[in-house]
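Chain by chain, the residues:
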Amino acid sequence: MTGLLTTPAPQRKRESGSPRKTRGGPGPGTVRAFRATPFTYATLIVVAAILTMPLVFVGSIALSSDATVNTNSFTLFPTEFHWENFSRVFGSELPMGRFLINSVIISLCSVAGQMLSSGLVGYAFARLRAPGKNALFLIVIATMMIPTQITMIPQFILFRDLGWVNSYLPLIVPNFFSNAFNVFLVRQFVSRLPSQLDEAAMVDGLGFFGIYRRIMLPMLWPVLIAIGIFTLTHTWGDFMGPLIYLNDESKMPLSLGIQYITSTSAAGQSPAWNLVMVGSVLLALPMIIVYYLGQKYLYEMDISGGSAGVK
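Parameters at a glance
Residues numbered from 1 in each chain as written. Predicted model: local features only at pLDDT ≥ 70, side-chain atom pairs only at ≥ 80, totals over all residues. Heavy atoms only, no water. Helix = DSSP H or I, 4+ residues; strand = E, 2+ residues; numbered from the N terminus. Buried < 20%, exposed > 50% of the residue type's maximum accessible area, 1.4 Å probe, protein only. Contact = heavy atoms within 4.5 Å. Areas by Shrake-Rupley, 256 points an atom, 1.4 Å probe, with all protein chains shown as cover. Core = buried A, V, L, I, M, F, W, Y, C linked by side-chain atoms within 4.5 Å. Salt bridge = Lys/Arg side-chain N within 4 Å of Asp/Glu carboxyl O. Axes fitted to C-alpha atoms, helices over the stretch in contact; angles between N-to-C directions. Parallel < 35°, antiparallel > 145°, perpendicular 65-115°, else oblique. pLDDT = per-residue confidence, 0-100. Left-handed = near helix turned anticlockwise from the far one by under 90°. Nonpolar A, V, L, I, M, F, W, Y, C, P; charged D, E, K, R; others polar. Polar contact = N/O pair within 3.5 Å; in protein donor to acceptor, adjacent residues only side chain to side chain.

1. Quick notes on the overall build of the chain
Link 1 in the chain: For the chain, the helix and strand inventory stands at 13 helices and zero strands.
Link 2 in the chain: If you list the helices and strands of the chain from N to C, you get α-α-α-α-α-α-α-α-α-α-α-α-α.
Link 3 in the chain: In the chain, which comprises 311 residues, the share counted as buried stands at 31%.
Link 4 in the chain: For the chain, the share of sequence-separated contacts (at least 6 apart) that also reach a separation of at least 24 residues comes to 71%.
Link 5 in the chain: About 19900 Å² of surface is accessible on the chain, with carbon and sulfur atoms providing 66% of the total.

Listed below in structure tokens is the structure:
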């Protein structure tokens, strides 16, 4: 009889720190996935339509005829399709092709300068040990609060004394010294990467530049490409900089050349808005393509954990 008696198994004491999960539902602290509803999609469609309307109107004006421009009888959606306007804008008195080439030169050189300098400076602030490094970083971040209009005149005087006015140098060279926002992005990205990578590379005999080139640079590509997209967006559509420093028509970028189309019309005559909008399309289309091709790098730029560089 005693062999048939079984002692109950001792119950495992539950830790006081771990809350008990309810059956059939997520435990405390669990993040629930967002589920879209038909109302969500309807709202997104309405917002997308509102944001797309200006682009549709630009395309409608760009495809309009000269008679429509003279009467200002534009429509929101295109009713005329004069594709020859895109060839007419290059056959006008203004060198639109040269404007486009100038924009490409200025933008690509600026992107290269920002990517090169931002990566090095951000890596230095994150990894190098130097007295006063944190105070210097705070000074760099504080420059973001200085309005551009305050430094506009001193910069012009400096570049004038250097003899750089009416050249590409005032528009390109400052990008090789990075800016506070891009340095902050790279510094935060590198700070979240494990320092054991640097220590292992130092044991193998690599210096700081070797560590940056062989280890850090491949991991920094998402944030560097994002910086390149931000820089390209700014320089491609920059109007104030070329207006201040460039005088020759042959050196002007497309953003400034479009304004010249509106100023070459005769007195009392309406500007050729269809050609102006063709120039606007040429100015906006490359940015749309760049964002479409580079959107995955923008999504991978996870500065909170640096996980994008380790994937």
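Now that the structure has been shown, we can carry on.
2. Examining the nonpolar core
Link 1 in the chain: One finds V190, M216, L220, V223 and L224 to be the most contacted residues of the largest nonpolar core, which totals 21 residues.
Link 2 in the chain: Not counting chain neighbours up to four residues away, the residues in contact with L220 comprise V186, F189, V190 and Y212.
Link 3 in the chain: F99, L256, I261 and L275 belong to the second largest nonpolar core, which has 16 residues in total.

3. Things to note about the pattern of salt bridges
Link 1 in the chain: The final tally for this structure, using the stated rule, is three salt bridges.
Link 2 in the chain: The closest approach of N and O atoms between R88 and D66, which form a salt bridge, is 3.2 Å. Pair noted here: R88 is in helix α3 (residues 85-88) and D66 is in helix α2 (residues 66-71), with a separation of 22 residues, a long-range link.
Link 3 in the chain: The class of R88 is partly exposed, set by a relative accessible area of 32%.
Link 4 in the chain: The partner of D198 in a salt bridge is R127, and the shortest N-O contact between them spans 3.1 Å. Of the two residues, D198 is situated in helix α9 (residues 196-203) and R127 in helix α4 (residues 96-127); the sequence distance between them amounts to 71 residues. The exposure classification of D198 matches that of R127, with both residues buried.

4. What to know about the packing of α4 against helix α12 (residues 254-263)
Link 1 in the chain: For the pair α4 and α12, interaxial distance at closest approach is 8 Å and the crossing angle is 155°. Overall, the two elements α4 and α12 adopt an arrangement that is roughly antiparallel. Contact with α4, carried on its side by M96, F99, L100 and S103, involves L254, S255, G257 and I261 of α12 and no other residues of that element.

5. So, the confidence of the model for the chain
Link 1 in the chain: In the predicted model, the chain carries a mean pLDDT of 82, and the fraction of residues at 70 or more is 83%.
Link 2 in the chain: Averaged over each element, pLDDT in the chain is lowest for α12 (82) and highest for helix α7 (residues 169-172) (95).
Link 3 in the chain: Residue range residues 13-19 is modelled with pLDDT below 50. Its contacts to residues more than four positions away, or to other chains, number two contacts.
Link 4 in the chain: Within the model, pLDDT remains below 50 along residues 303-311, and this stretch shows 18 contacts once partners closer than five positions in the same chain are excluded.

6. Remarks on the packing of α9 against helix α10 (residues 208-236)
Link 1 in the chain: Where α9 contacts α10, the axes come no closer than 10 Å and their chain directions differ by 135°. Our classification of the angle between α9 and α10 gives oblique. Crossing angle aside, the handedness with which α9 passes α10 is right-handed. Across from L197, D198, A201 and M202 in α9, the residues of α10 making contact are F208, I211, I215, M216 and M219.
Link 2 in the chain: Partitioning the contact of α9 with α10 into residue classes produces eight nonpolar, no polar and one charged.

7. Some thoughts on the environment of N179
Link 1 in the chain: Looking at the element boundaries, N179 is found in the loop between α7 and α8 (180-191).
Link 2 in the chain: Look at N179 and you get partly exposed, because its relative accessible area is 33%.
Link 3 in the chain: The spacing of N179 and V140 is 39 residues in sequence and 8.2 Å in space, taken between C-alpha atoms.
Link 4 in the chain: From its side chain, N179 meets the backbone nitrogen of F181 in a polar contact 3.2 Å long.
Link 5 in the chain: A polar contact of 2.9 Å, which involves the side chain of N179, links it to the backbone nitrogen of N182.

8. Re the side chain of N166
Link 1 in the chain: You can see N166 is positioned in the loop between α6 (148-161) and α7.
Link 2 in the chain: On the accessibility criterion, N166 (17% relative accessible area) is buried.
Link 3 in the chain: Setting aside chain neighbours within four positions, we find N166 in contact with Y245, L246, N247, D248 and K251.

9. Details of the environment of M277
Link 1 in the chain: Locating M277 in the fold gives a position in helix α13 (residues 273-300).
Link 2 in the chain: Note: C-alpha distance between M277 and I61 (216 residues apart in sequence) is 6.4 Å.
Link 3 in the chain: Sequence-distant contacts of M277, that is, excluding residues within four places in its chain, are made with V58, I61 and A62.

10. A few points about unusual backbone geometry
Link 1 in the chain: Positive phi is not limited to glycine here, since N72 has a value of about 55°.
Link 2 in the chain: Within the secondary structure, N72 sits in the loop between α2 and α3.
Link 3 in the chain: Judged by its relative accessible area of 48%, N72 is partly exposed.

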